[in-house]
Structures are given as C-alpha cells and as structure tokens.
Amino acid sequence: MNPRSLEPLARYRSLHLDPVNLRLHLVGVPAIVWSLLVLLAAVPLPGAGSPAPVLVVAVGAWYLWLSPGLGVLAALALAGLAAGALPVAAAPGGLPLAASVFVAGWVMQFIGHARFERAKPAFLTDLRQLFVAPLFVVAELLFLAGWNRAFDAALRDRARALRAEFEAARARVAQAQ
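Residues numbered from 1 in each chain as written. Predicted model: local features only at pLDDT ≥ 70, side-chain atom pairs only at ≥ 80, totals over all residues. Heavy atoms only, no water.

(A) Geometry of the overall build of the protein. In terms of helices and strands, the protein carries seven helices and zero strands. Written out in order from the N terminus, the α and β elements of the protein read α-α-α-α-α-α-α. Computed over C-alpha atoms, the radius of gyration of the protein comes to 17 Å, within 12% of the 16 Å expected from 2.2 N^0.38 for 177 residues, which places it in the range of a compact globule. When the backbone C-alpha atoms are referred to their principal axes, the protein occupies close to 55 × 35 × 30 Å. Every one of the 177 residues in the protein was classed for burial, and the buried ones make up 43%. For the protein, the share of sequence-separated contacts (at least 6 apart) that also reach a separation of at least 24 residues comes to 78%. Of the roughly 9200 Å² that the protein leaves accessible, carbon and sulfur atoms contribute 71%. The centroid of the 15 positive side-chain charges in the protein is displaced by 2 Å from the centroid of its 9 negative side-chain charges. (Helix = DSSP H or I, 4+ residues; strand = E, 2+ residues; numbered from the N terminus. Rg over C-alpha atoms; globule rule 2.2 N^0.38 Å. Buried < 20%, exposed > 50% of the residue type's maximum accessible area, 1.4 Å probe, protein only. Contact = heavy atoms within 4.5 Å. Areas by Shrake-Rupley, 256 points an atom, 1.4 Å probe, with all protein chains shown as cover. Lys, Arg positive; Asp, Glu negative; His and termini not counted. Charge placed at Lys NZ, Arg CZ, Asp CG, Glu CD.)

(B) Focus on the side chain of H16. Relative to the assigned elements, H16 resides in the loop between helix 1 (3-14) and helix 2 (19-41). Of the residues examined, H16 reaches a relative accessible area of 3% and is grouped as buried. At 3.1 Å, the side chain of H16 forms a polar contact with the side chain of H25. Within polar-contact distance, the side chain of H16 engages the side chain of H113 at 3.2 Å. Excluding its chain neighbours within four sequence positions, the residues that come into contact with H16 are N21, L22, H25, H113, E117, A122, F136 and R163. (Polar contact = N/O pair within 3.5 Å; in protein donor to acceptor, adjacent residues only side chain to side chain.)

(C) Examining the pattern of salt bridges more closely. In total, this model carries nine salt bridges according to the counting rule given. E117 is the partner of R163 in a salt bridge, and the nearest nitrogen-oxygen pair spans 2.6 Å. Placement of the pair is R163 in helix 7 (residues 149-176) and E117 in helix 5 (residues 94-117), with a sequence separation of 46 residues. Through salt bridges that share partners, R13, E140, D152 and R156 make up one connected network. (Salt bridge = Lys/Arg side-chain N within 4 Å of Asp/Glu carboxyl O.)

(D) Broad picture of the packing of aromatic side chains. One pass over the structure, following the stated rule, counts eight aromatic pairs. Ring centres of F143 and F151 lie 5.9 Å apart, and the angle between their planes is 65 degrees; on these two criteria the pair is classed as edge-to-face. Of the residues examined, F151 reaches a relative accessible area of 2% and is grouped as buried. Feature note: the residues F102, W106, F110 and F123 constitute an aromatic cluster, connected by ring pairs. Between R4 and the ring centre of W65, over which it is positioned, the NZ or CZ distance is 4.5 Å. (Phe/Tyr/Trp six-rings, centres within 6.5 Å; stacked < 30°, edge-to-face > 60°. Lys NZ or Arg CZ within 6 Å of the ring centre and 35° of its normal.)

(E) Representation of the packing of helix 2 against helix 4 (residues 68-90) within the structure. It is the contact of helix 2 with helix 4, at a shortest axis distance of 8 Å, that shows an interaxial angle of 50 degrees. Between helix 2 and helix 4, the interaxial angle falls into the category oblique. Crossing of helix 2 over helix 4 shows right-handed handedness. Along the contact surface, helix 2 presents P30, V33, W34, L37, V38 and A41, while helix 4 presents L78, L81, A82, G84, A85, L86, V88 and A89. (Axes fitted to C-alpha atoms, helices over the stretch in contact; angles between N-to-C directions. Parallel < 35°, antiparallel > 145°, perpendicular 65-115°, else oblique. Left-handed = near helix turned anticlockwise from the far one by under 90°.)

Rendered as structure tokens:
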C-alpha cells in the first residue's frame, strides 16, 4: 500500500460507496476517458501531433508516482484506451461517435450520483479527482478480482471516515438553514 495513493483514492471512493453508482462508474469513466482521447487525438498541435499522447504520458507518470504497482496497471489501461482512440479519431464518423459516448458516460455518472449515491461528484470540489477516477476504476476492478485485500480494507475504512465527515458537514449546513 502506498500512502500517496491512499488519500486521493479514499476521497474518490468516499463519494462512490453505493454499489450501483460504483458499477455505473466502472463503465462510465472508461467511456469518458476513451471518448476524450478520441476528441483530443483529432486536435492537431503544431509540430507535436495530438495532445492525447501528451496527456496519457503525463497522467500515466502521475499514476506511477502515486502508486508504482497500481500506477503501472493504470498507465497501461490508459495507454490501451489511447491506442483504441487514435484510429477512431481518424475514421469517418469517429468524432460523433466519441461525442455520443462522452455524453453517455457523463449521464451514467450523474445518474449514479443523483439517484443512488445522493452525493455530488468528487470533481465538483476537487478537479484533481477527474484524474483520480481512472486510477480508481483500475483499483476497483483489481479489488473485485481479489487483489491486495489489505489496501482495499484500508481504503474502505478511510473512505467511510471521509464520508462520515461529509455527511456531518452536510447535516450542519442543513441545520443552519
């Protein structure tokens, strides 16, 4: 368990404790990332190609810094999504397809939060959580497969504590109104 990855992942998980919301995120986050990479791949940068590979390398490096073991798998997943995005960006109809997938992915996120989690998305209070989301998805898929139960338990405990703090703050605001 890497302490650098515990806090950002716990903050993200604290707003994704509902099992339906979690499953919606396991589908929606990769859909959003893939479609964003398709859209970025279609944008040429003078002398540098597209910003998609730059983003993949930068975010992948951050994942490696946060957690070397988990980061390798998350960086590989991100690279795989990018590899699948590049040909779609150049294909006829690729951009409308990516835009549709992007919207569908976000609809899943907002349904999960509004209907099931009853908590606002993590990125609304911390934009870094947009980059934590793919790492979280990789971690959750690994946890479902039985990987690193001690890290999963530590993450779950910290996420529940953070969620309790969030709920207490929400109750104080409601009482003050």
